[in-house]
Amino acid sequence: MIPENTGPAAVIVLAAGAGTRMKSRTPKILHEIGGRSMVGHALLAARSIEPRQLAIVVRHERDLVAGHVAELDPSAAIVDQDEVPGTGRAVEVALQALNAKEELTGTVVVTYGDVPLLTGELLAELVATHEREANAVTVLTAVLDDATGYGRILRGADGTVTGIREHKDSTDAERLIREVNSGIYAFDAAVLREALGKVTTDNAQGEKYLTDVLGLAREAGGRVAAVVTADRWQVEGANDRVQLAALGAELNRRTVEAWMRAGVTVVDPSTTWIDSSVTLDEDVRLLPNTQLHGSTSVARDAVVGPDTTLTDVEVGEGATVVRTHGSGSVIGPRAAVGPFTYLRPGTVLGEKGKIGAFYETKNVTIGRGSKLSHLGYAGDAEIGEDTNIGCGNITANYDGEKKHRTVIGSGVRTGSNTVFVAPVTVGDGAYSGAGAVIRKDVPAGALALSIAAQRNTEGWVPANRPGSRSAELAQAAINNSSSTPASTEEGK
């Protein structure tokens, strides 16, 4: 018994190609745009139309691709293409694998792992048209200004598709046709299964072509039709890095535009990059040269940028993040970060807190209203509320073998260039003097000082650095001081 489902019987994603033009050790379909692999985009579109089954056909770098797919979509069936080449054979082995689970009836969609801008909406339109018209095959096509290299769509007088002619096999008249084959299809499962059994490798390439199914379907009395998309980007594949960059730029343009229409201010769209997985609230403001990656989220009225890159960072409502590089961190509501700040994973900044200029943080929790204003490092630490960490403070958390924690309470005030040698605890309301080296726990309300008597060795520079500019100026000052008569009452 086939369970009820509003989607097609199956989607088959073809991802077996070597992608040699990418010139990369990384399989072509694992290259990313918009923070997601190309095959990740393809799987997302496929799943959005709710197929009963989903299969992906692999071959080149099989284990890498299969492992990646298993992480993204554990329920997708991984199907290995055998030694017989061609898209027709790839679909055939997928059908065999899927039929082993259930006898497929209804619509089977075939798409590709390297068409990252294809949307679920367009796939849904393809399926709806295919089923409404009771077609044997429905092909997704696009009209291009320059169709060079693409298979041309041949149509009959009634508008149905009579065939697909590859560019190299086309006549001069056929090459004037601008409607091209995307390679994306909706098939009737029974028609597809029967036709693939008749497709041979008797051609110049020795491949089993999926396009041969269209002619066989027509010969059997089936109707072959097309859905034409005006959005050519949705059927564009990436075969090299030039095409990959073009698709990435177009995806980002669409992503940025969608967020602007959703109420986000993007001051300079051309220098703003937003991954597909990022979420933004209304009235967020993004300044030039901002990149938001991964699971980054930005709450209402927050301002990010300029010159900021955030990966997997949560930015709270009304926060400001200026010239900052951050990852795996949380920035609380109305907090301030930057400029020139480095947030490493595990940084949690509380509400109305501050991490200022030239600061690096890692694995640190900073309480509400606390400030780390400038020129310091805080790592493996916990800082309470309303604490002010002075200029040049650092937590010395590593002893050469292990990391240790520093705990600083609430209401603490630390002097410039204080060093906390972990493990150490500073109690609530404590103070430290400038230059203090905190090696022992500081009780609440105590003042911690590291004081050594200052010693001046007079004349050291002229004696030890003769001929230097410093020695020259020092000697002149000494001479001038010795030649100046002491004040007397008579001279006043």
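Bear in mind the structure is a predicted one, so any value in this text is a computation, not a measurement.

Peer 1: Explain the overall build of the protein chain to me, please; I cannot follow it from the model alone.
Peer 2: Counting secondary structure elements, the protein chain contains nine helices and 37 strands. Counting the 492 residues in the protein chain, one finds 46% classified as buried. Taking all contacts inside the protein chain whose residues are at least 6 apart in sequence as the whole, residues at least 24 apart take part in 40%. Working note: accessible area of the protein chain is about 24,000 Å², and carbon and sulfur atoms make up 50% of it. With 48 positive and 61 negative side-chain charges, the protein chain shows a spacing of 5 Å between the two charge centroids.

Peer 1: Looking at this structure, how should I read the pairing of strand β1 (residues 10–15)?
Peer 2: Here is the key point about a regular strand: its side chains alternate between the two faces of the sheet. β1 sits mainly inside the fold: six of its six residues count as buried. Of the two faces of β1, both are covered, the one formed by A10, I12 and L14 as well as the one formed by V11, V13 and A15. For β1 and strand β6 (residues 107–112), the ladder comprises five bridges, and the chain directions are parallel. Each bridged residue has a counterpart across the sheet, and for A10 the counterpart in β6 is V108. Pairing of β1 with strand β4 (residues 53–58), which is carried by six bridges, proceeds in the parallel orientation. Paired with I12 across the bridge in β4 is A55.

Peer 1: Help me understand the pattern of salt bridges, please; the structure alone is not making it clear to me.
Peer 2: Pairing is possible between side chains of opposite charge, provided their charged atoms come close. Tallied over the full model, the rule gives 28 salt bridges. With a shortest N-O distance of 3.6 Å, K198 and E194 are connected by a salt bridge. For E194, a relative accessible area of 52% translates into the label exposed.

Peer 1: How do you make sense of the pairing of strand β5 (residues 77–80) when you look at a structure like this?
Peer 2: Burial along β5 is one-sided: A77 and V79 are buried, while I78 and D80, pointing the other way, are not. In this sheet, β5 lies alongside β4 in parallel orientation, the contact comprising four bridges. Counterpart to V58 in the pairing with β5 is D80. Crossover connection from β4 via helix α2 (residues 62–72) to parallel β5: handedness right-handed.

Peer 1: For this particular structure, what's the right way to read the environment of T255?
Peer 2: One can find T255 in helix α7 (residues 241–261). Along the chain, T255 and D275 lie 20 residues apart, while their C-alpha atoms are 7.8 Å from each other. Residues within four places of T255 in sequence aside, it is in contact with I274 and D275.

Peer 1: Got a minute to help me understand a nonpolar patch on the surface in this structure?
Peer 2: There is a patch of nonpolar side chains on the surface, built from Y431, L447, L449 and I451 and spanning about 480 Å² of accessible area. You can see L447 is positioned in strand β37 (residues 447–448). The class of L447 is exposed, set by a relative accessible area of 55%.

Conventions we followed
- Residues numbered from 1 in each chain as written.
- Predicted model: local features only at pLDDT ≥ 70, side-chain atom pairs only at ≥ 80, totals over all residues.
- Heavy atoms only, no water.
- Helix = DSSP H or I, 4+ residues; strand = E, 2+ residues; numbered from the N terminus.
- Buried < 20%, exposed > 50% of the residue type's maximum accessible area, 1.4 Å probe, protein only.
- Contact = heavy atoms within 4.5 Å.
- Areas by Shrake-Rupley, 256 points an atom, 1.4 Å probe, with all protein chains shown as cover.
- Lys, Arg positive; Asp, Glu negative; His and termini not counted.
- Charge placed at Lys NZ, Arg CZ, Asp CG, Glu CD.
- Pairing = 2+ DSSP bridges.
- Salt bridge = Lys/Arg side-chain N within 4 Å of Asp/Glu carboxyl O.
- Right-handed = clockwise from strand over helix to strand, strands pointing away.
- Patch = residues over 30% accessible without salt bridge, like charges linked within 9 Å, V, L, I, M, F, W, Y side chains within 5 Å.

Geometric values such as these leave the question of function open.
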